[in-house]
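Residue strings, one per chain:
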Amino acid sequence: MDNKLSKDAYGGVAGKDYVPFISGGSKKSGGNAAVLTIGIVLAALFAASTAYSGMKSGLTVAAGIPGSIIGSALIAAFAKQKGILGKNLIQGMSSGGESIASGMIFVLPAIILIGSKASFLEGFVVGVGGVLFGIAIASLVHNYLIVEEHGELMYPESMAISETLVASESAGESLKYMGIGFGISGVITIITGSFLNVVNNVISYVNESFYKWRFQVEVNPLLLGIGFIVGMEVSLTMFAGSILSNFGILPLIGYFSDLAKGGVTVWNNPGVAINAMKVSDIAGSYVKYIGAGMMLSGGIIGAVKLIPTIIFSIKETLNAKSANNDDSSSATNLILLCGIIVGLIAGFLVSGGNILMAVTASVLSLFLSLLFVIVSGRLTGTIGTSNLPVSGMTIASLVLVTFLFVVMKWTNPESNRSLLLFGTFIVTAIATAGGYCQSQKVAFIIGGDKNEMQKYFAIAGIVGVVVVTGTILLLSNQLAMTGDNVPFALPQANLMATLTAGIISGKLPWVMIIFGVIMGIVLFFLNLPIMTVAIGFYLPISTTSIILVGALIRSLIERTSTSEKEKEVKVSNGISLSSGLVAGGSIIGLIGIILQVLGVIKGSEPRGFAASNGMASMILVILVVATIIPIITSRVKDAK
């Protein structure tokens, strides 16, 4: 067996003629009880980690590669006879947990932000319906997307995962660096706010006089790891949004607020006079709504740009020669039927007894999901799941469902809650389809059984729904905090809440929203990434600045490498270490919150030097040095 993929894996032959990495007659199974158990554990781990880090930063990190690295080590320990086919199932299940989380966190927390609640049962039924429907529709177009378009749709992240699986003999090194990252992140997370809260980890400078501005850095290993993974371009673009927000728009509003007469109060906080607004008031009540407008225009422009892709995808799917071939298996049909039934049950469950709402909103949600699931599968083949415009497709869907609600005069807060639950179904289906198609492409390249991947991915998806719904409910008190410098920024969920509540009630600072939309249009004309700038504008600068620090570390590693081979090895080790930073910060942070909720630990406020900028600066230096040293001292022989 070769130790690398053939060039045919990247195209040059028809999909039906491609010989997979593991070839030879009938498909061999990669699964057994050990593989399933490992997969369920990793699906839960990546779902919790993605939910936590995504709600904090607005960015999510694909789990396929770290899943394949961890899976390689665990398969070697517990299911060696299953080899690469077992590792393939585990990377698929890891992606399953992460995909569901990166979808559900966009909409489900918005219910808490509008001052309402969702039960575990509602979240579970809506999520599972979305998972099953997304998998089933993507399965119906499997042959077209995966086989017939082989070489045309590259599935870049699938190829990276496949290469990682094939080279999995060196997984020990990658796992070592992930372990180092997990340790660094765990220690810093334990002593800071998410856990014991004995030291301050936010460097903060705020100017309240004349030119009002704010600069902060949250010394958070999780965010630094995300910065290293996403790289300089994305990090710098986000930080540019924060600079515009904190050093441009905020001081401008501050200048005019100082000129205001007494007696006029903030639109959503009557206790604060306009001319007495502090930096935090301006940021929380005005600047963030400009950011919401920018994200809204980014989502709508993204959805409009998708129209040709939607038309092409539907047309090609209908014309596909294999559309009625073996991919319409009984298992797929059963999953599709279950997805539709569960979706309809969810519609009746969340509509509060309104049968007309249950039927019309369910049918519209299923139709929009069908449309965007096919688009999601195709776009994943072009740009991968990490860059999938899930928020744009979700915004377009939610606007249409919201208009249905307004036309039908379902405009009370309870109806808004139902609307967001329908939106959760749609976003879960879209996100699931991307992760599922990516995993099935890996199975096609490696030689795994697509039906086996379908079953294992479905199990991982359901596990992901349970974990994400539970995590959101567990964190509900912290997620409900609004305004400035909250524990979880929730940029996408805040946008969904603002958008739906604003359209339904009409109570929004529309001037700020419209100004944000105009800024988004200007960015579009300048050919700049609207959503990336907008999320940076919306997020606290403390978040985007530490993400930039992570990207700067990567840039330093790249520039100090003496050869292309050395750079490749060190960046690869850095990404493994950064994945450990993200996992450690998320999981340890989540454990800390669980222990606080249970009353096991009571985090005290830091005092004296421990509460100062000096302490936070010391932790930043320690974090940067501890991250750089293992990466920069790694040798080329590490990548065998």
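Since we're looking at a predicted model, the values are computed, not measured. (Residues numbered from 1 in each chain as written. Predicted model: local features only at pLDDT ≥ 70, side-chain atom pairs only at ≥ 80, totals over all residues. Heavy atoms only, no water.)

Peer 1: Just checking my understanding: could you explain the confidence of the model for the protein for this structure?
Peer 2: Averaged over the protein, the pLDDT score is 89; the fraction of residues at 70 or greater is 95%. Low pLDDT, under 50, characterises residues 321-327; the stretch is placed with 17 contacts to residues that sit more than four places away or in other chains. (pLDDT = per-residue confidence, 0-100. Contact = heavy atoms within 4.5 Å.)

Peer 1: Could you clarify how one ought to interpret the state of the cysteines in this entry?
Peer 2: Throughout this description, disulfide means a covalent bond between two cysteine sulfur atoms. On inspection of all chains with the given rule, the structure shows zero disulfides. No disulfide involves Cys338; its sulfur sits 19 Å from that of Cys437, the nearest cysteine. Under the relative-accessibility criterion, Cys437 is labelled buried at 3%. (Disulfide = S-S within 2.5 Å. Buried < 20%, exposed > 50% of the residue type's maximum accessible area, 1.4 Å probe, protein only.)

Peer 1: What am I meant to see in the environment of Gly179 here?
Peer 2: Residue position: Gly179 is located in helix H7 (residues 171-191). We classify Gly179 as partly exposed; its relative accessible area is 42%. Taking the C-alpha atoms as reference points, Gly179 and Val199, 20 residues apart in sequence, are found 24 Å from one another. (Helix = DSSP H or I, 4+ residues; strand = E, 2+ residues; numbered from the N terminus.)

Peer 1: Help me understand the pairing of strand S4 (residues 269-273), please; the structure alone is not making it clear to me.
Peer 2: Looking along a regular strand, one sees the side chains alternate between the two faces of the sheet. Here strand S3 (residues 265-266) runs beside S4; their pairing, made up of two bridges, is antiparallel. Considered in S4, the bridge of Thr265 is made with Ala273. Following S3, the chain reverses through two residues before pairing antiparallel with S4. (Pairing = 2+ DSSP bridges.)

Peer 1: What should I look at first to understand helix H8 (residues 221-258) in this one?
Peer 2: The first and last C-alpha atoms of H8 sit only 38 Å apart over 38 residues, clearly below the 56 Å expected at 1.5 Å per residue. Along H8, the largest kink reaches about 120° and is centred on Gly231. For H8, the N-terminal capping position is held by Asn220, with its side-chain oxygen 3.0 Å away from the main-chain nitrogen of Leu222. (Expected span 1.5 Å × (residues − 1). Bend = angle between axes of the 7 residues up to and from the residue. Polar contact = N/O pair within 3.5 Å; in protein donor to acceptor, adjacent residues only side chain to side chain.)

Peer 1: Would you explain the side chain of Ser576 in this entry?
Peer 2: Take Ser576: it is sitting in helix H21 (residues 564-597). Dropping the residues within four chain positions of it, Ser576 is found in contact with Ile69, Ser174, Tyr177 and Met178.

Peer 1: What is the right way to read the pairing of strand S2 (residues 213-218) from this model?
Peer 2: Relative to S2, strand S1 (residues 202-207) runs antiparallel, the two being bridged by six bridges. Paired with Val206 across the two strands is Arg214, which belongs to S2.

Peer 1: Explain the packing of helix H2 (residues 64-78) against helix H3 (residues 83-113) here, please?
Peer 2: For any two helices packed against each other, one specifies the inter-axial angle together with the distance between the axes. Their axes nearest at 8 Å, the elements H2 and H3 cross at an angle of 140°. Between H2 and H3, the angle falls in the class oblique. Taken as a pair, H2 and H3 cross one another with a handedness that is right-handed. Contacts from Gly64, Gly67, Ser68, Gly71, Ser72 and Ile75 of H2 reach H3 at Gly83, Gly86, Lys87, Ile90, Gln91, Ser94 and Ser95. Looking at the contact of H2 with H3 residue by residue, the class counts come to two nonpolar, ten polar and one charged. (Axes fitted to C-alpha atoms, helices over the stretch in contact; angles between N-to-C directions. Parallel < 35°, antiparallel > 145°, perpendicular 65-115°, else oblique. Left-handed = near helix turned anticlockwise from the far one by under 90°. Nonpolar A, V, L, I, M, F, W, Y, C, P; charged D, E, K, R; others polar.)

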